[in-house]
Amino acid sequence: MKKILKHLLEKYKFVRGDLNLHNRTGMLHKCWGHIFSNHLYGDYVEFGVYKGDTLAQSVLQYQQFKTWLENQKKEKEKWRNKVALGSPLNKKIFFHGLDTFQGMPENNEKFFVFDKGNFKASFDDVYKRLNSLDEKVFLYKGLFTETAKQLKNNLSNRKVSIVNIDCDIYSSTVESLSIINDYLQVGSIILLDDYNSFNADNNKGQRKAISEFKNNSNWVIEPFFSYMFSGQSFLICGKR
Ligand SMILES: C[S@@+](CC[C@H](N)C(=O)[O-])C[C@H]1O[C@@H](n2cnc3c(N)ncnc32)[C@H](O)[C@@H]1O
């Protein structure tokens with residue numbers, strides 16, 4: 001029954017999701033809604049995958065909006081058909097997930113939640129889970145600095161629409177921002193899942209990392225919305 005209902009909802013063009021939901025599903029719904037309503041083409045990159053919950057949900061939200069786009073082509077209003085047919089989002093995007101899959105790396109945060117080895121997950125299980133979703137998902141096993149080259153090879157001549165930086169700590173966030181810098185574009189979303197960790201101390205963690213990035217990169221970055229317990233999203237609004 002659930003399956004039939006799901007199929008009908010998708011067939012008859014409802015995009016399921018609640019804009020007022022502050023959990024990760026609602027957050028990803030809002031992000032993909034922003035991307036599809038702007039017809040911004042680009043890949044999804046996640047730094048810090050763990051068991052793949054957020055990455056899997058991102059694929060599902062993307063697929064719902066793809067169905068919406070297909071349904072727009074059958075609408076009675078001709079301009080809708082024209083817009084949908086002309087959308088760059090008719091081309092498939094790629095999903096990329098980076099993680100040690102050995103848990104948190106050595107770090108200086110001195111916060112027991114993020115101790116080395118926490119958040120360990122099985123690469124094989126995550127690989128199976130994500131590759132059953134019918135989209136091209138690349139997984140990169142190792143420290144971000146070790147797998148950056150592979151990611152960049154797969155991103156050559158491509159841009160990113162959403163970068164989800166869910167790696168908790170300062171050093172890993174600095175690395176993620178530096179790796180992804182050249183692939184951002186106006187309209188891209190940066191998600192910082194742990195923005196308000198460390199009691200929202202501006203001198204620690206992701207707050208410190210994004211504040212330095214804002215000062216040192218050429219991107220104009222503005223806050224978008226907050227989500228979950230500690231998350232904050234940002235929009236790339238221009239280039240200096
Ligand atoms: C909170 S978990 C990610 C949660 C995940 N997004 C989810 O959907 O549940 C943080 C992850 O970041 C990874 N991580 C942190 N720093 C890293 C680094 N420098 N290189 C590779 N992985 C890193 C850890 O291994 C851990 O799995």
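The structure under discussion appears in the preceding block.
An account of the accompanying structure is given in this report.

Rules and cut-offs
Residues numbered from 1 in each chain as written. Predicted model: local features only at pLDDT ≥ 70, side-chain atom pairs only at ≥ 80, totals over all residues. Core = buried A, V, L, I, M, F, W, Y, C linked by C-beta atoms within 7 Å. Buried ≥ 20, exposed ≤ 12 C-beta atoms within 10 Å, placed from the backbone. Helix = DSSP H or I, 4+ residues; strand = E, 2+ residues; numbered from the N terminus. Pairing = 2+ DSSP bridges. Axes fitted to C-alpha atoms, helices over the stretch in contact; angles between N-to-C directions. Contact = placed C-beta atoms within 7 Å. Near = placed C-beta within 6 Å. Nonpolar A, V, L, I, M, F, W, Y, C, P; charged D, E, K, R; others polar. Parallel < 35°, antiparallel > 145°, perpendicular 65-115°, else oblique. Left-handed = near helix turned anticlockwise from the far one by under 90°.

This paragraph deals with the nonpolar core. In terms of nonpolar packing, the biggest core is built from 50 residues, with Cys-31, Ile-162, Val-163, Ile-165, Ile-180, Ile-190 and Leu-191 touching the most fellow members. When residues of this core are assigned to their parent elements, the largest contribution, six residues, is made by helix H2 (residues 24-38).

The subject of this paragraph is unusual backbone geometry. A positive phi is found at Tyr-50, a non-glycine position, where the angle reads about 55°. Within the element layout of this structure, Tyr-50 appears in the loop between strand S1 (43-47) and helix H3 (53-72). The exposure class assigned to Tyr-50 is buried, which follows from the 20 C-beta atoms found within 10 Å. Phi is positive for Phe-198, close to 55°, though the residue is something other than glycine. Among the structural elements, Phe-198 can be located in the loop between strand S5 (189-192) and helix H8 (205-216). When the 22 C-beta atoms within 10 Å are taken as the criterion, Phe-198 is described as buried.

It is worth spelling out the sheet that holds strand S6 (residues 219-227) at this point. Across the sheet, which stays open at both edges, the seven strands sit in the order S3-S2-S1-S4-S5-S7-S6 with mixed pairing between neighbours. With partners counted over all chains shown, the strands left at the sheet margins are strand S3 (136-141) and S6, one partner each. In this sheet, adjacent strand axes meet at a mean angle of 15° when their direction is disregarded. As judged from the four bridges shared by strand S4 (residues 160-165) and S5, these two strands associate in the parallel manner. Pairing of Ile-162 across the sheet is with Ile-189, part of S5. Taken strand by strand, helix H7 (residues 170-180) contacts S1 and S4, and its axis lies near 170° from that of S4.

Here the focus is the site of the ligand. Close contacts around the ligand come from 20 residues, with Gly-48, Tyr-50, Thr-54, Cys-167 and Ser-172 the closest. Of all elements in the fold, only H3, strand S2 (94-99) and H7 reach the threshold of two or more residues within the shell around the ligand. Taken together, the residues of the shell around the ligand break down into nine nonpolar, five polar and six charged.

With five of six residues buried, S2 lies mostly within the body of the structure. In this sheet, S2 lies alongside S1 in parallel orientation, the contact comprising four bridges. Counterpart to Phe-47 in the pairing with S2 is Leu-98. Strand direction decides the pairing type here: S2 and S3, joined by six bridges, are parallel. Its bridge partner lying in S3, Leu-98 is registered against Tyr-140.

To continue, consider the pairing of strand S7 (residues 231-239). Bridge count between S5 and S7: four bridges; the pairing is antiparallel. Looking across to S7, one finds that Ile-189 is bridged to Leu-235. Counted between consecutive antiparallel strands, the loop separating S6 from S7 contains three residues, among which Met-228 sits at a positive phi close to 50°.

Further remarks concern the packing of helix H6 (residues 144-154) against H7. Between H6 and H7, whose axes approach to 11 Å, the crossing angle comes to 15°. Comparing the axis directions of H6 and H7 gives the class roughly parallel. In the crossing of H6 with H7, the sense of the turn from one axis to the other is right-handed. For the pair H6 and H7, contact is made by Phe-144, Thr-145, Ala-148 and Leu-151 and by Ser-172, Glu-175, Ser-176 and Ile-179, respectively. Its residues assigned to classes, the contact of H6 with H7 comprises four nonpolar, three polar and one charged.

The values are spatial; any link to function lies outside them.
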